[in-house]
Amino acid sequence: MTETARRLARLGEPALRARVVAVVLGGGGAALASAAVGLHLAPRPAAVAGAWAAVLTAVAAAAVLAVRVRRREQLARMGALVESVGGARRGSVRGLLTPAAAMGTSGALFAAADARGVATVTAAWNAARRRLARESRRYLSIGGATLAIGAGAALTAAPASGRTAAFWHPVATWRAARAPITVTPDRRAVRRGDEVTLSVRAAGAVQATLWTRAPGESWHALTLSLDADGAASRRVGPLESDLLVRVTAGARASDTARVRVLEPLFAGELEFLARYPAYLARPDEPLVPGPDTVVLPAGTRVMVRGRTSAPLRAARWIGPGTGGALQVGGDRFEGAFLPRRSGRWTVALEPVEAGQAVTPLPPLTLAIVLDSAPVVTIAIPGRDTTAPLSLRQPLVIDVRDDHAVARVDIVSWRVSQTGRVDPPVRERALASELSDRVIVQGELVLDERGLLPGDTLRYYVEAWDNAPRPGRGASPEYVLRLPSR
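Once a new chain begins, its residue numbering starts again from 1 and follows that chain's sequence as written. At least 70 in pLDDT is required for a residue's local features to be given in this predicted model, at least 80 for side-chain atom pairs to be given and counted, and no such filter applies to totals for whole chains, interfaces and linings, which use all residues. Only hydrogens and water are set aside; all other atoms, that is, all heavy atoms of the structure, feed into the side-chain values.

Remarks on the overall build of the protein
Phase 1 of the analysis: Scanning the protein from N- to C-terminus turns up eight helices and 25 strands.
Phase 2 of the analysis: Buried means the residue's accessible area, taken with a 1.4 Å probe over protein chains only, is under 20% of the maximum for its type, while exposed means over 50%, and partly exposed covers the values in between. Looking at the 485 residues of the protein, the share that counts as buried comes to 39%.
Phase 3 of the analysis: Summarising the internal contacts of the protein: among those between residues at least 6 apart in sequence, 68% fall at separations of at least 24.
Phase 4 of the analysis: For the protein, the accessible surface area stands at approximately 25,900 Å², while carbon and sulfur atoms represent 55% of it. Secondary structure elements follow DSSP: runs of H or I no shorter than four residues count as helices, runs of E no shorter than two count as strands, and numbering proceeds from the N terminus. The contact criterion used is simple: two residues touch if any of their non-hydrogen atoms lie within 4.5 Å. Here the accessible surface of atoms and residues is derived via Shrake-Rupley with a 1.4 Å probe, and residues count as covered only by protein chains that are part of the display.

Some details on the pattern of salt bridges
Phase 1 of the analysis: Salt bridges are counted wherever a side-chain nitrogen of Lys or Arg sits within 4 Å of a carboxyl oxygen of Asp or Glu. Applying the stated criterion across every chain yields a total of 22 salt bridges.
Phase 2 of the analysis: The partner of Arg313 in a salt bridge is Glu350, with the nearest N and O atoms 3.6 Å apart. Placement of Arg313 in strand β14 (residues 312-318) and of Glu350 in strand β17 (residues 343-351) is noted, with a sequence separation of 37 residues between them.
Phase 3 of the analysis: The salt bridge involving Asp422 is made with Arg420; its shortest N-O contact spans 3.7 Å.
Phase 4 of the analysis: Salt bridges linked by common partners bring Arg407, Asp409, Arg426, Arg428, Glu462 and Arg472 together as one network.

Here's the deal with the packing of aromatic side chains
Phase 1 of the analysis: Ring pairs are drawn from Phe, Tyr and Trp, using the six-membered ring of Trp, whenever the two centres fall within 6.5 Å, and their geometry is named by plane angle: stacked under 30 degrees, edge-to-face over 60, tilted for the rest. Scanning all chains against the criterion turns up five aromatic pairs.
Phase 2 of the analysis: Taking 6.1 Å as the distance between ring centres and 55° as the angle between the ring planes, the aromatic pair formed by Phe272 and Trp317 counts as tilted. In this pair, Phe272 is assigned in strand β10 (residues 267-275) and Trp317 in strand β14, connecting sequence segments 45 residues apart.
Phase 3 of the analysis: The exposure class assigned to Trp317 is buried, which follows from its relative accessible area of 4%.
Phase 4 of the analysis: Relative to Trp345, the ring of Phe337 has its centre 4.8 Å away and its plane inclined at 45°; by these criteria the two rings are tilted.
Phase 5 of the analysis: By relative accessible area, which is 1% here, Trp345 ends up buried.
Phase 6 of the analysis: Members of the aromatic cluster, joined through ring pairs, are Phe272, Trp317, Phe337 and Trp345.
Phase 7 of the analysis: In this analysis the charged atom, NZ for Lys or CZ for Arg, is taken to sit over a ring once it is within 6 Å of the ring centre and within 35 degrees of the ring normal. Cation over ring: Arg282 sits above Tyr276, and NZ or CZ is 4.0 Å from the ring centre.

As for the sheet that holds strand β15 (residues 327-329)
Phase 1 of the analysis: The pairing criterion for strands is at least two bridges between them, as found by DSSP. Overall, antiparallel pairing links the five strands, which are arranged β11-β10-β13-β16-β15 in an open sheet. What marks the edges here is a single partner per strand, and that holds for β11 (285-287) and β15. Direction aside, the axes of adjacent strands within the sheet are offset by 20° on average.
Phase 2 of the analysis: Direction of pairing for β10 relative to β11: antiparallel, over a ladder of three bridges. Paired with Leu273 across the strands is Pro286, a residue of β11. The axes used here are C-alpha line fits, helices contributing only the stretch in contact, and every angle between their N-to-C directions lies in the interval 0 to 180 degrees.

Thoughts on the side chain of Asp401
Phase 1 of the analysis: Position of Asp401 among the secondary structure elements: in strand β21 (residues 392-415).
Phase 2 of the analysis: Only four residue types enter the tally: Lys and Arg on the positive side, Asp and Glu on the negative side, with His and both chain ends excluded. No salt bridge is formed by the buried Asp401, whose closest oppositely charged neighbour, Arg400, lies at an N-O distance of 11 Å.
Phase 3 of the analysis: Of the polar contacts made by the side chain of Asp401, one reaches the backbone nitrogen of Ala404; its length is 3.0 Å.
Phase 4 of the analysis: Beyond its immediate sequence surroundings of up to four residues, Asp401 is in contact with Ser372, Ala373, Pro374, Asp436 and Asp465. Two N or O atoms form a polar contact when they lie within 3.5 Å of each other; inside protein one atom must be a possible hydrogen donor and the other a possible acceptor, and for residues adjacent in sequence the pair counts only when both atoms belong to side chains.

Brief notes about the nonpolar core
Phase 1 of the analysis: The criterion is simple. A nonpolar core is a set of buried Ala, Val, Leu, Ile, Met, Phe, Trp, Tyr and Cys residues joined through side-chain atoms within 4.5 Å. Grouped together as the largest cluster of nonpolar side chains are 26 residues, with contacts concentrated most on Leu296, Trp317, Phe333 and Val347.
Phase 2 of the analysis: Elements with a minimum of two residues in this core: β10, β12 (293-297), β13 (301-308), β14, β16 (332-337), β17 and β18 (364-369).

Focus on the environment of Tyr459
Phase 1 of the analysis: Along the chain, Tyr459 turns up in strand β23 (residues 456-465).
Phase 2 of the analysis: Relative accessible area serves as the criterion here: at 0%, Tyr459 is assigned to the buried category.

Without other data, these values stay purely geometric and don't point to any function.
This is the structure in structure tokens:
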């Protein structure tokens with residue numbers, strides 16, 4: 001390399017570095033601007049792919065331009081600049097960049113020319129440096145401005161947000177764009193008049209079209225804006241009939257989902273029956289549900305059977321006490337329970353379909369009447385009295401019960417005038433008489449009891465009904481006095 005070329009290289013070195021930096025800055029700005037476009041358009045797969053292609057192109061172009069700023073081209077440009085600034089003849093400096101041997105010129109002549117070239121470069125050094133400095137500042141300003149614009153555009157696209165995450169993962173975005181889209185109702189079956197929430201997912205899409213219709217109708221379209229994950233939700237309703245839904249996004253389409261509107265469950269062929277305790281000897285009787293009170297003897301079992309408009313999961317008695325479960329088979333139910341407390345009793349139905357409304361069954365208003373004990377009255381003599389001279393006291397006993405009298409006994413005991421009390425004597429006055437009222441004629445025979453003048457005979461009458469746990473009733477206690485001699 002000639003001395004003139006070395007001088008020109010030192011003269012243009014700062015400008016060369018500035019030019020390379022300006023090219024890098026400009027390429028970086030172009031890459032950031034391309035990325036900003038991709039960030040704004042994410043997660044569209046085509047936009048993301050195009051933006052990355054533009055980014056790589058900008059980087060490659062900047063690298064190529066930086067490499068093309070070759071030193072020889074820079075020396076020739078510096079020679080032309082020195083010739084212009086120093087007022088030298090055109091080509092007088094640029095012709096000294098090649099050594100004498102390469103040009104076929106004598107060494108002495110070329111050395112003299114090279115010395116003149118060096119002198120020309122030295123004379124024009126300061127003026128050339130100023131022009132190169134202005135030129136470098138212009139290049140750097142353009143490159144810096146391009147970088148600032150690209151960076152600003154990229155920052156305004158919120159590069160750290162959820163939606164722009166698709167830009168930083170182009171392969172995943174491309175795969176997501178080919179994934180199936182779905183629409184999922186929060187419930188597959190609802191009551192009439194309810195609303196349903198539809199969850200839409202279309203990865204890699206910004207918008208989707210939700211299509212809805214009722215059976216027999218045409219489709220209705222609704223545009224949905226999707227979030228960064230390609231998801232959205234929409235509440236639809238109130239529903240009066242079944243709903244069909246599907247989603248499309250570009251060339252992709254979801255399967256059609258169906259939301260069923262459940263008709264209220266109701267019971268028909270309903271029958272209530274009272275099965276009385278066996279000791280009452282009464283046939284089964286139908287019961288009429290409703291607000292009117294139904295009086296039932298304690299121990300009566302209530303039977304129920306019916307059929308519903310839809311399959312049942314369970315059925316049970318509900319009331320002021322424990323009712324128990326009923327037998328269920330498909331759309332039929334039946335069973336019995338023994339009500340022990342008065343109040344409103346009804347049958348609660350649980351359909352197989354969750355969320356299905358149930359029409360309440362009419363209640364049974366029951367009054368449970370416990371079996372009462374017999375009421376015993378001694379009509380004759382009906383008071384304390386003196387024993388007759390015949391020592392045979394006639395008795396007329398009146399016994400009443402709400403169902404049937406099963407047994408009547410006369411209980412008596414002697415009390416001596418000295419206060420001694422003999423064991424009581426029980427005499428059967430009636431047995432196996434199943435009637436709700438009986439009149440019993442009995443007799444107390446005193447001469448068989450060892451009574452002495454001044455003694456008394458105390459007595460009363462007991463009666464039992466025919467209940468499984470027999471109820472006992474007793475008359476007041478009366479006294480027969482034996483006169484003193």
